[in-house]
Amino acid sequence: MIAEEPLLFELARGKAGDYAGVIKGLDSAASGLPADALRSGPPPIPEISELDAVRHFTRLSRRNAGVDTQFYPLGSCTMKYNPRINEDLAASPAVTGVHPLWGPEMIQGALAVLWETARRLSEISGFPGVSLQPAAGAQSELGSLMMIRRYHQDRGRDPRTVVVPDTSHGTNPASAALCGLKVSQVPSGPDGLLDLEGLRRVLSSDTAALMVTNPNTLGMFETGMAKAARIAHDAGALVYLDGANMNAQVGVMRPVESGADIMHFNLHKTFSTPHGSGGPGAGAIACIRELEPYLPKPIVERTGTGDGSAYRLQYDRPKSVGRLGAFHGNFAVVVRALAYLLRTGSDGLADVARHAVLNANYVRVLLAGTLPPAYPGPSMHEVVLNGKVLKERGTSALDLAKRLLDHGFHAPTIYFPHIVPEAVMIEPTETESPATLDAFVSAVKAIMDEDPAVLGTAPHETPVGRLDEVKAAREPVLRWPA
Ligand SMILES: *Cc1c(COP(=O)(O)O)cnc(C)c1O
């Protein structure tokens, strides 16, 4: 067991000294301020030596479980290796020194990065329109649904329902609700795929859009996607593709071929940015010609070619849904994505998809006799295992996930998708070696042979064990008692 790391405030307790005195001195020196605006005592800021502060944060950093320390099979999140060259470029002064309020003539290089990234995403997806403004997948979903509403309104309609499969990521129904739309769920078929008959039943003249994730969150390819798109179109709805799982198809299949009208990319997942705990991210929107006028503004445009090319920000877009945030998106994430795209190349991108799919199937097959996949058939980039057998042994998906931490692996996603009992969702990603996957499979098998009592109290080797998972949200402590 590793010793508890105290908070900075605790390390510094009783050490208030020079800085607090200086601040108090400044306060009283600011004569002219009314007395009741002055501090009565030193501010309660921690005060320790620089060396102690460095050691505190270094000790904490060594406790991080991350892609750089261990296998991180957190399904749906695509926690893969982030090439260091991306970090070098994103941290270069040419990127960090640019101010978004500078005029276009001063930021031609930055605009070229945005334009080139959008062009490549257009090529990968097959969609002509691209916006790099959204700061996350969820924000692209919201922006796209706003675009879809405007599209219908321009055609004299105002359908208010969004249809999602019961396996959809939580952000899909949440974005629909935030956009003032109702959500209608289609249960998946017995094969874990979109049930086309079920889809026909829920579609109506009030359906604004069908939102499909492909591959879906069970890690399965929606073989009926093109048919589903036709059915939705016949009902007057548009088709939204949640493209967070693009690492399963990038360079192999263009989403436009599947009948979708609009989609989002998660640049931070598919094209590598260290992400987690809510950021940083970038969620590009890509769409068909008919939806292009509604894209968020501004859009980066290029005139001329080669050395004669110039870039500008196009604001004159009267049908646009407007801005989704300040300035031009999460630029440093876009820089990383372009670096990744340039370095990987188009053949390399197809290899990304092939390896992501191979790795997920490798894990699925090796674990089949221990924890069976929830649905038969090949996996795409991730595999969802049915953990019923865990329950039968008096343990649970949660216990398995916690015990894996003791074996040196980050916990997989559990209890999602909701339709799978004791779901264990494993996304190995394309950057893991067979040796790592073998070690993971051995760990899962070893844990399945353990006494359920050992699992029930796991993890045993981490600085803290089972935390109250909601306490921090329900009773946040935002102020250190003075
Ligand atoms: C990650 C993910 C999202 C949401 O993306 P964020 O960038 O986290 O907002 C949506 N759908 C799927 C399938 C995802 O995996």
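Residue positions are counted from 1 within each chain, in the order its sequence is given. With the structure being a predicted model, the display of local features is reserved for residues of pLDDT at least 70 and the display and counting of side-chain atom pairs for 80 or more, all residues being used for whole-chain, interface and lining totals. To get the side-chain values, take all heavy atoms of the structure and skip hydrogens and water.

Novice: Help me understand the state of the cysteines, please; the structure alone is not making it clear to me.
Specialist: One covalent bond between the sulfur atoms of two cysteine residues makes up a disulfide. Two cysteine sulfur atoms make up a disulfide if the distance between them is within 2.5 Å. Overall, the coordinates contain 0 disulfides when judged by the stated rule. Free of any disulfide, Cys-179 has its nearest cysteine sulfur in Cys-287, 15 Å distant. Classification of residues uses two cut-offs on accessible area relative to the type maximum, computed with a 1.4 Å probe and protein chains only: under 20% is buried, over 50% is exposed, and between them is partly exposed. The exposure class of Cys-287 is buried, given its relative accessible area of 0%.

Novice: Looking at this structure, I do not really get the pairing of strand β8 (residues 299-303). What am I missing?
Specialist: Two faces, one strand: in a regular strand the side chains alternate between the faces of the sheet. By this definition, two strands are paired if DSSP reports at least two bridges between them. In this description a helix means any DSSP run of H or I spanning at least four residues, a strand means any run of E spanning at least two, and both kinds are numbered starting from the N terminus. Direction of pairing for β8 relative to strand β9 (residues 310-314): antiparallel, over a ladder of 5 bridges. Opposite Glu-301, over in β9, you have Arg-312 as the bridge partner. The antiparallel hairpin formed by β8 and β9 contains 6 residues in its connecting segment, where Gly-304 sits at a positive phi of about 75°.

Novice: So what exactly am I meant to see when it comes to the nonpolar core here?
Specialist: Counting 75 residues, the largest nonpolar core has Phe-265, Leu-267 and Phe-271 as the members making the most contacts within it. The criterion used for residue contact is that any of the two residues' heavy atoms lie within 4.5 Å. For Phe-271, the residues in contact, after removing those within four places along its chain, are Lys-80, Asn-86, Leu-121, Ile-124, Val-250, Phe-265, Asn-266, Arg-336, Ala-337, Tyr-340, Leu-341 and Leu-349. We call a set of buried Ala, Val, Leu, Ile, Met, Phe, Trp, Tyr and Cys residues a nonpolar core when their side-chain atoms join them within 4.5 Å. Leu-385, Leu-400, Phe-409 and Val-424 belong to the second-largest nonpolar core, a separate cluster that totals 22 residues.

Novice: How do you make sense of the sheet that holds strand β3 (residues 182-186) when you look at a structure like this?
Specialist: What links the strands of a sheet is backbone hydrogen bonding, and the strands pair in either a parallel or an antiparallel sense. Here 7 strands make up an open sheet; going across it, the order is β1-β7-β6-β5-β4-β2-β3 and the pairing mixed. The two strands at the open ends of the sheet, each matched to only one other strand, are β1 (129-131) and β3. Averaged over neighbouring strand pairs, the angle between their axes works out to 20° when direction is ignored. Direction of pairing for strand β2 (residues 161-165) relative to strand β4 (residues 207-213): parallel, over a ladder of 3 bridges. Directly across from Thr-161, in β4, lies its bridge partner Thr-207. With axes taken as lines fitted to C-alpha atoms, and helix axes fitted only over the stretch in contact, angles between N-to-C directions fall between 0 and 180 degrees. Seen against the sheet, helix α6 (residues 108-125) touches β1, β6 (262-265) and β7 (285-287) and runs at an angle of roughly 120° to β6. Helix α10 (residues 225-234) contacts β4 and β5 (238-243) of the sheet and is inclined by roughly 145° relative to β5.

Novice: Would you explain the packing of aromatic side chains in this entry?
Specialist: Paired rings are identified among Phe, Tyr and Trp, the last through its six-membered ring, by centres lying within 6.5 Å, and are further divided according to the angle between planes into stacked (under 30 degrees), edge-to-face (over 60) and tilted (the rest). Summed over all chains, the structure comprises 7 aromatic pairs. An angle of 85° between the planes, with centres 5.4 Å apart, marks the rings of Phe-409 and Phe-440 as edge-to-face. Taken as a pair, Phe-409 in the loop between α14 (397-406) and β11 (413-414) and Phe-440 in helix α15 (residues 434-448) lie far apart in primary sequence, 31 residues in all. Look at Phe-440 and you get buried, because its relative accessible area is 0%. Of the aromatic side chains, those joined through ring pairs into one cluster are Phe-71, Phe-409 and Phe-440.

Novice: I keep staring at the site of the ligand and nothing clicks. Help me out?
Specialist: We call a residue near a given molecule or strand whenever any one of its heavy atoms falls within 4 Å of it. Neighbouring the ligand are 13 residues; Ser-76, Gly-137, Ala-138, Asp-242 and Lys-269 lie closest to it. Two N or O atoms count as a polar contact when they lie within 3.5 Å, although within protein this holds only if one can serve as hydrogen donor and the other as acceptor, and sequence-adjacent residues are included solely when both atoms are side-chain atoms. A distance of 2.9 Å is found between an oxygen atom of the ligand and a side-chain nitrogen or oxygen belonging to His-268. For the ligand, the protein covers 88% of the area, taking 380 Å² as the surface of the free molecule. Elements represented by at least two residues in the shell around the ligand include exactly α7 (137-154) and α11 (267-270). Surface accessibility in these figures is a Shrake-Rupley result with a 1.4 Å probe; residues are shielded only by whichever protein chains are displayed.

Novice: What am I meant to see in the domain arrangement of the protein chain here?
Specialist: Where interface size is given, it is often the accessible area lost as the parts come together that is meant. Domain annotation for the protein chain reports domain 1 (8-61), domain 2 (85-343) and domain 3 (347-471). For domain 2 versus domain 3, the distance between C-alpha centres works out to 29 Å. Counting from both sides, the interface comprises 27 residues of domain 2 and, opposite them, 21 residues of domain 3. Here domain 2 meets domain 3 over a buried area of about 1,700 Å², counting both sides, of which 67% is carbon and sulfur. Salt bridges are counted wherever a side-chain nitrogen of Lys or Arg sits within 4 Å of a carboxyl oxygen of Asp or Glu. Seen at the junction of domain 2 and domain 3, the total is 0 salt bridges. Each residue gets one label: Ala, Val, Leu, Ile, Met, Phe, Trp, Tyr, Cys and Pro are nonpolar, Asp, Glu, Lys and Arg are charged, and the others, such as Gly, are polar. For the side of domain 2 that touches domain 3, the residue count by class is 12 nonpolar, 13 polar and 2 charged. Domain borders in the structure are assigned automatically or taken from a domain database. The buried area of a pairing is the accessible area, by a 1.4 Å probe, that goes missing from both parts when the two are put together, added over both.

Novice: Hey, could you run me through the packing of α6 against helix α12 (residues 331-367) in this one?
Specialist: A pair of packed helices is characterised by two quantities: the angle between their axes and the separation of those axes. For the pair α6 and α12, interaxial distance at closest approach is 10 Å and the crossing angle is 45°. Put simply, α6 runs oblique to α12. When you trace α6 past α12, the crossing you get is left-handed. Across the interface between the two elements, Ala-110, Val-113, Leu-114, Glu-116, Thr-117, Arg-120 and Ile-124 of α6 pack against Phe-331, Val-334, Val-335, Leu-338, Leu-341, Leu-342 and Leu-349 of α12. Classifying every residue of the contact of α6 with α12 gives 11 nonpolar, 1 polar and 2 charged. For this classification, under 35 degrees means roughly parallel, over 145 means roughly antiparallel, 65 to 115 means roughly perpendicular, and everything else is oblique. The handedness criterion is simple: a crossing whose near helix is rotated anticlockwise from the far helix by less than a right angle is left-handed, and one whose near helix is rotated clockwise is right-handed.

Novice: Would you mind going over the sheet that holds strand β12 (residues 424-426) with me for this structure?
Specialist: Taking strand neighbours across the sheet as the criterion, the 3 strands line up as β10-β12-β11 in an open arrangement whose pairing is antiparallel. Strands at the two margins of the open sheet, each flanked by one partner only, are β10 (383-385) and β11. In this structure, β10 lies alongside β12, joined through 3 bridges in antiparallel fashion. Note on β12: the bridge partner recorded for Leu-385 is Val-424. Where α12 meets the sheet, it contacts β10 and β12, and its direction lies at approximately 25° from that of β10.

Novice: Can you walk me through unusual backbone geometry in this structure?
Specialist: Only a minority of non-glycine residues have a phi that is not negative, and only a minority of peptide bonds are not trans. In the segment running from Asn-214 into Pro-215, the intervening peptide bond is cis, with an omega of -5°. By the element assignment, Pro-215 lies in the loop between β4 and α10. Backbone torsion omega between Ala-458 and Pro-459 reads 5°, so that peptide bond is classified as cis. Looking at the element boundaries, Pro-459 is found in the loop between α16 (452-456) and α17 (471-474). Despite not being glycine, Thr-78 has its phi angle at roughly 50°, a positive value. Within the element layout of this structure, Thr-78 appears in the loop between α3 (50-61) and α4 (84-90).

Novice: What is the right way to look at the side chain of His-328 in this model?
Specialist: Within the element layout of this structure, His-328 appears in the loop between β9 and α12. Taking the relative accessible area as the measure of exposure, His-328 reaches 15% and is therefore buried. If sequence neighbours within four positions are ignored, His-328 has contacts with Pro-100, Leu-114, Leu-132, Gln-133, Pro-298, Leu-313, Tyr-315 and Arg-323.

Novice: When you look at the pattern of salt bridges in this model, what are you seeing that I'm missing?
Specialist: If charged atoms from side chains of opposite charge come close, those side chains can pair. The full count for this structure, using the stated rule, is 22 salt bridges. Measuring nitrogen to oxygen at the nearest pair gives 2.5 Å for the salt bridge that ties Glu-430 to Lys-80. Residue Glu-430 is found in the loop between β12 and α15, and its partner Lys-80 is found in the loop between α3 and α4; the two are separated by 350 residues along the sequence. Looking at Lys-80, the relative accessible area reads 2%, which means it is buried. For Glu-422, the salt bridge identified is with Lys-391, shortest N-O distance 3.2 Å.

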